[in-house]
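Single-letter residue listing:
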Amino acid sequence: MRDMVEIGMGRTARRTYELDDIDIVPSRRTRSSKQVSLAWQLDAYRFEIPFLAHPTDALVSPSFAIELGKAGGLGVINGEGLWARHADVDAKIQRLTEIAEKEGTEAAVAALQELHAAPMQPDLLAAAVAQVRAAGVTTAVRVSPQNARALTPALVQAGIDLLVVHGTIISAEHVGDGEPLNLKTFIAELDVPVVAGGVSDHRTALHLMRTGAAGVIVGYGSMQGATTTGEVLGIGVPMATAIADAAAARRDYLDETGGRYVHVIADGETLTSGHVAKAIACGADAVMLGVPLAMAQETPGNGWYWPSAAAHPSVPRGAVLPYAIDEERVPLAQVLNGPSNDPFGSLNLVGGLRRSMAKTGYCDLKEFQKVGLNVRG
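Residues numbered from 1 in each chain as written. Predicted model: local features only at pLDDT ≥ 70, side-chain atom pairs only at ≥ 80, totals over all residues. Heavy atoms only, no water.

## Comments concerning the packing of aromatic side chains
Here is step 1: Scanning the entire structure with this criterion turns up three aromatic pairs.
Here is step 2: Note on Tyr-362 and Phe-368: the rings are 5.9 Å apart at their centroids and 65 degrees apart in plane angle, and the pair reads as edge-to-face.
Here is step 3: By relative accessible area, which is 17% here, Tyr-362 ends up buried.
Here is step 4: Of note, Lys-366 hangs over the ring of Tyr-261, and the distance from its end group to the ring centre comes to 4.7 Å. (Phe/Tyr/Trp six-rings, centres within 6.5 Å; stacked < 30°, edge-to-face > 60°. Buried < 20%, exposed > 50% of the residue type's maximum accessible area, 1.4 Å probe, protein only. Lys NZ or Arg CZ within 6 Å of the ring centre and 35° of its normal.)

Encoded structure:
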């Protein structure tokens, strides 16, 4: 195969590509950016912009989920995070960031692990869900495959709209110490749509689609030094290739089922509006943002960011790092819609994506997935 290379005698590997390895190719047509729609629909829920927030306490509080929801996106609350364990989360996060600033990221990760050692309190999480629901925006909560069966009934009773079963790496059947979690059976018994991930290859994406998931997350939230899965586990997800593979699985599943469309959500290395555009061009329907949203004044992390995997009790896979401190922080509306004074694309993510689509002649997200691509070098 042309994409296989020999890395030593008798050992080959597939050549894969990151988003920075590719470029979008202009076409013969351009259009006004005012003619571009960024709307998409996941099951019964319509969103005006293709942005989800990574389910980390650094980003998503109930109030931030409301603000992002009103802006047309989706904030995903970490159902096993601090909002499910502590009544004074803002104070806990402030103390965490003070430790990170004074003692460094290792001390901060230890503090994060300690905070997550507190027992989960269903009433606290139900109150967070109720707060988001009362604002009239779509409510989504993330659970891990290990705890999905135990936590989901209370979440459904609390009134969630979407359930996100999310781990660093997920499969259609999670084998744990007890009875395996069979996602197909699990999803079939639920009255709410499920988004599952992350995956990095065609086969696993196709298997997840066959479980009945409404959406599949590709990647594991790798973000500019904050996620350390590569260092800890040696596992990497080249996002351009991973998204394209999942999009191919979506096409195969569409043919297999005679028309059931499963959305592909990219979660990793989308740091700028250009990265967002490339992720959509590779086949994603939406993008799960991490670090870019840390710049927003409304996030509880006060400009600090860590992925949800950073709190693992024995194998943490993320650092607590500052990305936007004090005057560098701007309103969420500016992160999404500008105005921007950053020439590198970290602000006005909506405007950058919209203009990329307009400059290449496309008017909606599904059409933009057909845009031409080049590989650098």
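After that view of the structure, there is still more to cover.
## Observations regarding unusual backbone geometry
Here is step 1: In this model, Gly-197 is joined to Gly-198 through a cis peptide bond whose omega is 10 degrees.
Here is step 2: Tracing the chain through its elements places Gly-198 in strand E12 (residues 194–199).
Here is step 3: The omega torsion of the bond from Gly-338 to Pro-339 falls at 5 degrees, within 30 degrees of zero and hence cis.
Here is step 4: If you trace the backbone, Pro-339 turns up in the loop between helix H12 (332–337) and helix H13 (349–359).
Here is step 5: Phi is positive for Asp-43, close to 55 degrees, though the residue is something other than glycine.
Here is step 6: Tracing the chain through its elements places Asp-43 in the loop between strand E4 (40–42) and strand E5 (45–47).
Here is step 7: Positive phi is not limited to glycine here, since Asn-348 has a value of about 55 degrees.
Here is step 8: Its location among the elements puts Asn-348 in the loop between H12 and H13.
Here is step 9: Of the residues examined, Asn-348 reaches a relative accessible area of 22% and is grouped as partly exposed. (Helix = DSSP H or I, 4+ residues; strand = E, 2+ residues; numbered from the N terminus.)

## Some points on helix H5 (residues 148–158)
Here is step 1: Of all the residues in H5, the buried ones are Ala-148, Leu-151, Thr-152 and Leu-155. Down the axis, H5 shows its buried residues gathered within 110 degrees of arc, on one side only. The outward face of H5, more than 90 degrees from its buried face, is lined by the exposed residues Ala-150, Pro-153 and Gln-157.
Here is step 2: Buried positions along H5 lie against helix H4 (122–134), strand E8 (140–143), strand E9 (162–166), strand E11 (181–182) and helix H6 (183–188).
Here is step 3: In the segment just after H5, Gly-159 is the residue with positive phi, at about 105 degrees. (Arc of directions from axis to C-beta. Contact = heavy atoms within 4.5 Å.)

## Digging into the environment of Asn-337
Here is step 1: Mapped onto the fold, Asn-337 is located in helix H12.
Here is step 2: Between the alpha carbons of Asn-337 and Ile-22 there is a distance of 25 Å; along the sequence they are 315 residues apart.
Here is step 3: Ignoring anything within four residues of it in the chain, the contact list for Asn-337 reads Asn-348 and Val-350.

## What to know about the packing of helix H1 (residues 62–70) against H4
Here is step 1: Two elements in contact, H1 and H4, have axes whose closest approach is 9 Å; the angle formed by their N-to-C orientations is 25 degrees. The pairing of H1 with H4 is recorded here as roughly parallel in orientation. The crossing of H1 and H4 is right-handed. Counting all contacts with H1, which are made through Pro-62, Ser-63, Ala-65 and Ile-66, the residues of H4 involved are Ala-128, Gln-131 and Val-132. (Axes fitted to C-alpha atoms, helices over the stretch in contact; angles between N-to-C directions. Parallel < 35°, antiparallel > 145°, perpendicular 65-115°, else oblique. Left-handed = near helix turned anticlockwise from the far one by under 90°.)

## A short note on the state of the cysteines
Here is step 1: Going through the model one piece at a time under the given rule, you end up with zero disulfides.
Here is step 2: Free cysteine Cys-282: the closest other cysteine sulfur is in Cys-363, separated by 20 Å. (Disulfide = S-S within 2.5 Å.)

## Let's talk about the pattern of salt bridges
Here is step 1: Scanning all chains against the criterion turns up 10 salt bridges.
Here is step 2: Linking Asp-88 and Lys-92 is a salt bridge whose minimum nitrogen-to-oxygen distance equals 2.8 Å.
Here is step 3: For Lys-92, a relative accessible area of 24% puts it in the partly exposed group.
Here is step 4: For Glu-98, the salt bridge goes to Arg-95, with nearest N and O atoms at 3.8 Å. Residue Glu-98 and its partner Arg-95 are both found in helix H2 (residues 89–103); the two are separated by three residues, about one turn of the helix.
Here is step 5: Residue class for Arg-95 comes out partly exposed when judged on its relative accessible area of 45%.
Here is step 6: Beyond isolated ion pairs, a larger network of salt bridges with shared partners links Asp-23, Lys-278 and Arg-376. (Salt bridge = Lys/Arg side-chain N within 4 Å of Asp/Glu carboxyl O.)

## Re the pairing of E9
Here is step 1: For E9, the buried fraction is high: five of the five residues fall into the buried class.
Here is step 2: Here E9 shows a buried face lined by Leu-162, Val-164 and His-166 and a second buried face lined by Leu-163 and Val-165.
Here is step 3: Sheet analysis places E8 next to E9, joined by four bridges and oriented parallel. Of the residues in E9, the one forming a bridge with Ala-140 is Leu-162.
Here is step 4: Between the parallel pair E8 and E9, the chain is carried across by H5, and the sense of this crossover is right-handed. (Pairing = 2+ DSSP bridges. Right-handed = clockwise from strand over helix to strand, strands pointing away.)

Take it as geometry only, folks, not as evidence of what the structure does.
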